[in-house]
Amino acid sequence: GAVVSQHPSRVICKSGTSVKIECRSLDFQATTMFWYRQFPKKSLMLMATSNEGSKATYEQGVEKDKFLINHASLTLSTLTVTSAHPEDSSFYICSATGTSGGFNEQFFGPGTRLTVL
Amino acid sequence: AQSVTQPDIHITVSEGASLELRCNYSYGATPYLFWYVQSPGQGLQLLLKYFSGDTLVQGIKGFEAEFKRSQSSFNLRKPSVHWSDAAEYFCAVGPGSSASKIIFGSGTRLSIRP
């Protein structure tokens, strides 16, 4: 089946630093990737949609200058949290989908736990 | 407005008992419906999905769900739960294209009583 990985699985950083999270599709070409944020005991909130080679589309209320998304290849998307602050601490999950025949669902990564001190 | 409602925040059932998790949706077009499971600190795993055809959908791990258009519901069921089923369950709805955003419900946490 389609596998999506995320790296790192957890990261702790100091306030004011930037953190990069990678999302990779391991066995398929991901034309579209999605980034979600999940607060404790809450549902997933879509942050942005990225298509390979295009600028990401951000959901209302998500700061595009704070959460930089790059989808430079068909197997890799990155989310960079710039100048992170404690309120950015959260669980970030990516999902990916492709264009191979039969693709009708998103495949989710295992998530990245970000803690900003 | 498009939305998904999971009215039960937390459910506890005894191991071996049957389970039903409720999901209601509001969607303007023909909905594509999903159930996902999330173990603590993990990503989401797709249990089952409904696009069209038979309204009773079989999924992995012995789960099934029934689509009822008249009730705008897509409830998840399992005849006999196992301790390993303890997790968070999310119902979701989308427009059918996997490249479009999915709307998630707020989730139902399932606990299993020994």
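Right above here is the structure, for reference.
Here is a short report on the structure shown in this document. Keep in mind that what you see is a predicted model, and the values were worked out from it rather than measured.

## Notes on the pattern of salt bridges
A side chain with one charge can pair with a side chain of the opposite charge if their charged atoms come near. In the structure shown here, the tally under the stated rule is 7 salt bridges over all chains. Glu59(A) is the partner of Lys101(B) in a salt bridge, and the nearest nitrogen-oxygen pair spans 2.7 Å. Of this pair, Lys101(B) sits in the loop between strand E10 (87-94) and strand E11 (103-104) while Glu59(A) is found in the loop between strand E6 (57-58) and strand E7 (67-73), placing the two residues in two different chains. Residue class for Lys101(B) comes out partly exposed when judged on its relative accessible area of 40%. The residue Glu64(B) makes a salt bridge to Arg77(B) at a minimum N-O spacing of 3.3 Å. Taken together, the residues Glu64(B) in strand E8 (residues 64-68) and Arg77(B) in strand E9 (residues 73-78) connect sequence positions 13 residues apart. With relative accessibility at 23%, the residue Arg77(B) sits in the partly exposed group. It is possible to trace a salt-bridge network through shared partners that takes in Glu64(B), Glu66(B) and Arg77(B).

## A word on the packing of aromatic side chains
Within this structure, the stated rule accounts for 15 aromatic pairs over all chains. For the pair Phe67(A) and Tyr92(A), a centre-to-centre distance of 6.3 Å together with 45° between the ring planes defines the contact as tilted. Of this pair, Phe67(A) sits in strand E7 while Tyr92(A) sits in strand E9 (residues 90-98), placing them 25 residues apart in sequence. The exposure class of Phe67(A) is buried, given its relative accessible area of 5%. With a relative accessible area of 0%, Tyr92(A) lands in the buried category. Ring geometry for Tyr50(B) and Phe74(B): centres 6.4 Å apart, planes at 45°, overall tilted.

The rules behind each value
Residues numbered from 1 in each chain as written. Chains lettered and ligands numbered in written order. Predicted model: local features only at pLDDT ≥ 70, side-chain atom pairs only at ≥ 80, totals over all residues. Heavy atoms only, no water. Salt bridge = Lys/Arg side-chain N within 4 Å of Asp/Glu carboxyl O. Helix = DSSP H or I, 4+ residues; strand = E, 2+ residues; numbered from the N terminus. Buried < 20%, exposed > 50% of the residue type's maximum accessible area, 1.4 Å probe, protein only. Phe/Tyr/Trp six-rings, centres within 6.5 Å; stacked < 30°, edge-to-face > 60°.

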